[in-house]
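Read off the chains here:
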Amino acid sequence: MAYRFDSFYIGGAWVKPSTTDVLTLENPATRAPFATVPDATPADAVAAIEAAASALPAWSATPLAKRVELMQKALEIFKTYRDEIIRLEALELGAPVSYSANAHCDYQFTRIESYIRESQKVVLEEQFEQSTVVREPVGVIACITPWNYPLGQVVQKIIPALLMGNTVVLKPSQHTPLTAYLLVDSLDRAGFPAGTVNLITGRGSKLGDTLATHPLVDMISFTGSTAVGIKLSQKALEGVKRISLELGGKSPFIWLPSEDYEAAINQLFGSVFYNSGQTCTALTRLLVPESDLEKVKALLLRRIPQLVVGDPMDPKTNIGPMASKAQYDKVLSYIELGQSEGAELLCGGRAPEAGKGYFIKPTVFVNVTNSMRIAREEIFGPVLCVITYKTVDEAVDIANDTPYGLNAAVFGERELALSVAKRIKAGNVYVNGGPRDVTAPFGGYKQSGIGREGGRYGLMEFTQLKATFDR
Ligand code: NAD
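The rules behind each value
All residue numbers here refer to positions counted from 1 along the written sequence of the relevant chain. Local features are withheld for residues below a pLDDT of 70 in this predicted model, meaning they are given only at 70 or higher, and side-chain atom pairs are given and counted only at 80 or more; totals for whole chains, interfaces and linings count all residues. Think of the side-chain values as coming from all heavy atoms in the structure, minus any hydrogens and water. Counting from the N terminus, the helices are DSSP H or I runs at least four residues long and the strands are E runs at least two residues long. To sort residues, take the accessible area from a 1.4 Å probe on protein chains only and compare it with the maximum for the residue type: under 20% means buried, over 50% means exposed, and anything in between is partly exposed. Contacts between residues were defined by any pair of non-hydrogen atoms, one from each residue, lying within 4.5 Å. A positive count includes Lys and Arg, and a negative count includes Asp and Glu. His and the chain ends are not counted in either. The atom standing in for a charge is NZ when the residue is Lys, CZ when it is Arg, CG when it is Asp and CD when it is Glu. One heavy atom suffices: a residue is near a molecule or strand as soon as one of its heavy atoms comes within 4 Å of it. Whenever a nitrogen or oxygen atom comes within 3.5 Å of another N or O atom, the pair is scored as a polar contact, on the condition that within protein one atom can donate a hydrogen and the other can accept it, and that pairs from neighbouring residues in sequence are kept only if both atoms are in side chains. Reported accessibility uses the Shrake-Rupley method at a 1.4 Å probe radius. Residues are deemed covered only where the shown protein chains occlude them. Following the grouping adopted for this structure description, the nonpolar residues are Ala, Val, Leu, Ile, Met, Phe, Trp, Tyr, Cys and Pro, the charged ones are Asp, Glu, Lys and Arg, and the polar ones are all others, Gly among them. The rule is simple: put a 1 Å grid over the protein atoms alone, call a set of points where a 1.4 Å probe fits but cannot get out a cavity, call an open set with protein on both sides within 12 Å along at least five of seven lines a pocket, and count a residue as lining if it has an atom within 4 Å of a point. Grid points are joined across faces, edges and corners, and a volume is the space filled by probe spheres set on the points. Multiplying 1.5 Å by the helix residue count minus one yields the expected span of that helix. This arc is built from the directions going out from the helix axis to the C-beta atoms. Whether two aromatic rings pair depends on their centres lying within 6.5 Å, for rings of Phe, Tyr and Trp, where Trp uses its six-membered ring; planes under 30 degrees apart make the pair stacked, over 60 edge-to-face, and the rest tilted. Note on geometry: a ring has a charge over it if NZ (lysine) or CZ (arginine) is within 6 Å of the ring centre and within 35 degrees of the ring normal. A pair of strands is treated as paired once DSSP finds two or more bridges between them. Only the stretch in contact is used when fitting a helix axis, every axis being a line fitted to C-alpha atoms; angles between N-to-C directions are given from 0 to 180 degrees. Oblique is the label for any angle not under 35 degrees, not over 145, and not in the 65 to 115 range, which are roughly parallel, roughly antiparallel and roughly perpendicular in turn. Note on definitions: salt bridges are taken to be side-chain nitrogens of Lys or Arg within 4 Å of carboxyl oxygens of Asp or Glu.

Engineer: It is not clear to me how the overall build of the protein should be interpreted in this structure. Could you clarify?
Structural biologist: Each helix and strand counted, the protein has 15 helices and 22 strands in total. For the protein, the spread of C-alpha atoms along the principal axes amounts to about 65 × 60 × 40 Å. Counting over 471 residues, the protein shows a buried share of 60%. For the protein, long-range pairs separated by at least 24 residues make up 73% of all intrachain contacts whose partners lie at least 6 apart in sequence. Within the protein, one finds 47 positive and 50 negative side-chain charges whose respective centroids are separated by 1 Å.

Put into structure tokens, the structure is as follows:
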């Protein structure tokens, strides 16, 4: 193990930061500080960008087969970090080990495997009527990621970017940067050439302008809040840089009239309560037929107490704490807001474990209207808003009445559910709990983003087209 959390990875080596300033990470389940990482300065960002730019000519000319070979080797090394990944996500994010093992760990291995396979299916050269069109790397990519799926968001960017021949400067969230070290260490040990991947940690507010405006950066790949995404893009567009944005959501789950809603409950809970609701795709607006409201309330009140809220290290725990005090305070303030807006709190709120950490119980509001702020704004906590509809047309209108368009789900009779899915304005729609396909494109309509991640479309996001005309 070569990495240390007090260093950056720049130009193929673990190096000392330009500063002794650090950021302290707090375990959200206990409120105990447990690690520090450097708080990079713009000078560190510039060093990382220059290293990435130096490595670009050779890496972009490296055949795909060689890049794939290195990535396979890195994945094998990375898999040996499995226990450490799960432990660190419990510490930095508060993610329960039972949830983390798949969502924050094994699924990320699956994603890397998928990118390796799919990269070999990307059409890199095509003959048109009188030209040859090739896909080339974009260049130096600045990757900025959020805290809620610390590894997942990093994997979605740096793996396809590297496979497609780009070089990378990665700045993970300052709140959950630790597992990024393990991935970068695996790339280093696999033999990725110096400068192809570079890692700095610190605050986006301090580093964002440098990453977005430096002339050697060709593209910003950002996942995070819509507000920061807009600000960052405005800066990046001053230099006409490519931008890709994965932003927020307020996703609807339409329950079509049914005798029994039990079959939809696991999908609902998995989406809105697991990861403490800190999921961009969370199905936080549950749309149910007005005539079935009492039935749905009874179902929720029967099933929610079965969810175990508590210590993330305990394998029986389903829901851990909120990731930070800031997030905890924000979610509690939305719970207060919902009550003051006139919604009825069916269950939830501050959990008894709150004395120890930032725990909030699965929370449900009923009698919510879609114009309330709790139904329009991204709360990013385990808070479900139940909204009633009279007709299926009205349900579709309510589902689409949001500035976002990241995700949606429909449950009900198959033909009707598929016809409703077609009318939803979102980048992903799940019908009757269909499983996610790792090769499918992921991304948002409207204010949920620009561009796609995942599979071949996610790989092509990090390419640009060149047409050649000859005699
Ligand atoms: P955030 O926007 O506060 O921060 C995201 C990243 O941007 C962090 O690395 C942060 O340091 C950096 N940053 C902050 N200010 C910056 C600035 N001025 N310039 C450049 N970078 C800056 O978001 P967050 O709180 O970390 O994450 C939660 C948000 O992420 C939610 O809105 C969620 O919906 C969204 N998200 C979206 C997806 C998706 O795929 N669509 C996935 C996960 C999270």
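There's plenty left to go through after this.
Engineer: Whenever I open this one, the site of the ligand confuses me. Can you help?
Structural biologist: Of all residues adjacent to the ligand, which total 27 residues, the nearest are Thr145, Gln174, Ser225, Leu247 and Glu378. A distance of 3.0 Å separates an oxygen atom of the ligand from a polar side-chain atom of lysine 171. Within the backbone of leucine 247, a nitrogen or oxygen atom sits 2.7 Å from a nitrogen atom of the ligand. Look at the ligand: alone it shows 840 Å² of surface, and the protein chains cover 89% of it. For the shell around the ligand, the secondary-structure elements that each account for two or more residues are helix 7 (204-213), strand 10 (219-223) and helix 8 (226-238). For the shell around the ligand, a count of residues per class yields 12 nonpolar, 12 polar and three charged.

Engineer: Explanation requested: empty space enclosed by the protein in the structure shown.
Structural biologist: To find leftover empty space, one rolls a probe the size of a water molecule over the atoms. One pass over the structure, following the stated rule, counts three cavities of 30 Å³ or more. If you add up the space inside the largest cavity, you get close to 70 Å³. Around the largest cavity, the lining residues are Tyr107, Arg111, Ser114, Tyr115, Gln156, Arg436, Asp437, Val438, Ala440, Phe442, Gly454 and Gly455. Of the residues that constitute the lining of the largest cavity, the class distribution is five nonpolar, four polar and three charged.

Engineer: I keep staring at helix 8 and nothing clicks. Help me out?
Structural biologist: Residues spaced three or four apart along an α-helix point in a common direction, a consequence of the helix completing one turn every 3.6 residues. The terminal C-alpha atoms of helix 8 lie 19 Å apart, and with 13 residues this matches the ideal 18 Å at 1.5 Å per residue to within 8%. Where helix 8 is concerned, the buried positions are Thr226, Gly229, Leu232, Ser233 and Ala236. Looking down the long axis of helix 8, one finds its buried residues gathered within 125° of arc, a one-sided arrangement. Seen from the open side of helix 8, the exposed residues pointing more than 90 degrees away from its buried face are Ala227, Lys231, Gln234 and Glu238. Looking at the buried side of helix 8, the elements it contacts are strand 7 (140-144), helix 7, strand 10, strand 11 (242-246) and strand 17 (404-405).

Engineer: Whenever I open this one, the packing of aromatic side chains confuses me. Can you help?
Structural biologist: Aromatic ring pairs: the centre-centre distance and the angle between the two ring planes describe each pair. Scanning the model with the defined rule gives 16 aromatic pairs in all. Taking the centre distance of 5.7 Å and the plane angle of 10° together, the rings of tryptophan 14 and tyrosine 181 count as stacked. Here tryptophan 14, found in strand 2 (residues 13-15), pairs with tyrosine 181, found in helix 6 (residues 178-190); they are 167 residues apart in sequence, far enough to count as distant. Assessed through its relative accessible area of 0%, tyrosine 181 is described here as buried. Relative to tyrosine 261, the ring of tryptophan 255 has its centre 5.2 Å away and its plane inclined at 10°; by these criteria the two rings are stacked. Classification of tyrosine 261 by relative accessible area gives buried; the value is 2%. Of the aromatic side chains, those joined through ring pairs into one cluster are Tyr3, Phe5, Tyr9, Trp14, Tyr81 and Tyr181. The lysine or arginine in question, arginine 67, covers the ring of tryptophan 59, its NZ or CZ lying 6.0 Å from the ring centre.

Engineer: What is the right way to read the environment of serine 448 from this model?
Structural biologist: Note that serine 448 resides in the loop between strand 20 (445-446) and strand 21 (449-450). On the accessibility criterion, serine 448 (0% relative accessible area) is buried. For the pair serine 448 and glutamate 50, spaced 398 residues apart in the sequence, the C-alpha separation amounts to 31 Å. With sequence-adjacent residues up to four places away left out, serine 448 is seen in contact with Leu245, Glu246, Leu247, Gly248, Gly249, Tyr404, Gly405 and Leu406. Reaching out from serine 448, the side chain makes a polar contact with the backbone nitrogen of leucine 406 at a distance of 3.2 Å.

Engineer: Can you help me understand the environment of arginine 203 in this one?
Structural biologist: Position of arginine 203 relative to the elements: it lies in the loop between strand 9 (197-199) and helix 7. The spacing of arginine 203 and proline 403 is 200 residues in sequence and 27 Å in space, taken between C-alpha atoms. Among residues more than four places away in sequence, those in contact with arginine 203 are Leu23, Asp39, Lys171 and Gln174. A distance of 2.5 Å separates the side chain of arginine 203 from the side chain of aspartate 39, its partner in a polar contact.

Engineer: Please explain the sheet that holds strand 6 (residues 132-137) as it appears in this structure.
Structural biologist: A sheet is described by the order of its strands in space; here three strands give the open sequence 5-6-22, paired in antiparallel fashion. Each end of this open sheet is capped by a strand with a single partner; those strands are strand 5 (125-127) and strand 22 (463-468). Within the sheet, the average angular offset between the axes of one strand and its neighbour, ignoring direction, is 25°. As defined by bridge partners, strand 5 adjoins strand 6 across three bridges and the pair is classed as antiparallel.

Engineer: Looking at this model, I keep getting lost on the packing of helix 3 (residues 82-92) against helix 6. Mind explaining?
Structural biologist: Relative placement of two packed helices is described by the angle separating their axes and the distance separating the axes. In the contact formed by helix 3 and helix 6, the axes pass within 9 Å of each other and the chain directions differ by 155°. By the angle between their directions, the pair helix 3 and helix 6 is classed as roughly antiparallel. Contacts from Glu84, Ile85, Leu88, Glu89 and Glu92 in helix 3 reach Leu178, Thr179 and Leu182 in helix 6. Per-class residue counts for the contact of helix 3 with helix 6 are four nonpolar, one polar and three charged.

Engineer: Where do I start with the environment of glutamate 69 in this structure?
Structural biologist: In this fold, glutamate 69 is placed in helix 2 (residues 64-79). According to the relative accessible area criterion, glutamate 69 is partly exposed, its value standing at 47%. Along the primary structure glutamate 69 and isoleucine 116 are separated by 47 residues, whereas in three dimensions their C-alpha atoms are 9.0 Å apart.

Engineer: How should the pattern of salt bridges be read in this particular structure?
Structural biologist: For the structure shown, the criterion picks out 23 salt bridges. When the shortest N-O distance is used, the salt bridge between aspartate 106 and arginine 82 registers 2.7 Å. Residue aspartate 106 is located in helix 4 (residues 97-119), and its partner arginine 82 is located in helix 3; the two are separated by 24 residues in the primary sequence. Judged by its relative accessible area of 24%, aspartate 106 is partly exposed. One salt-bridge network, held together by shared partners, links Asp39, Arg203 and Lys206.

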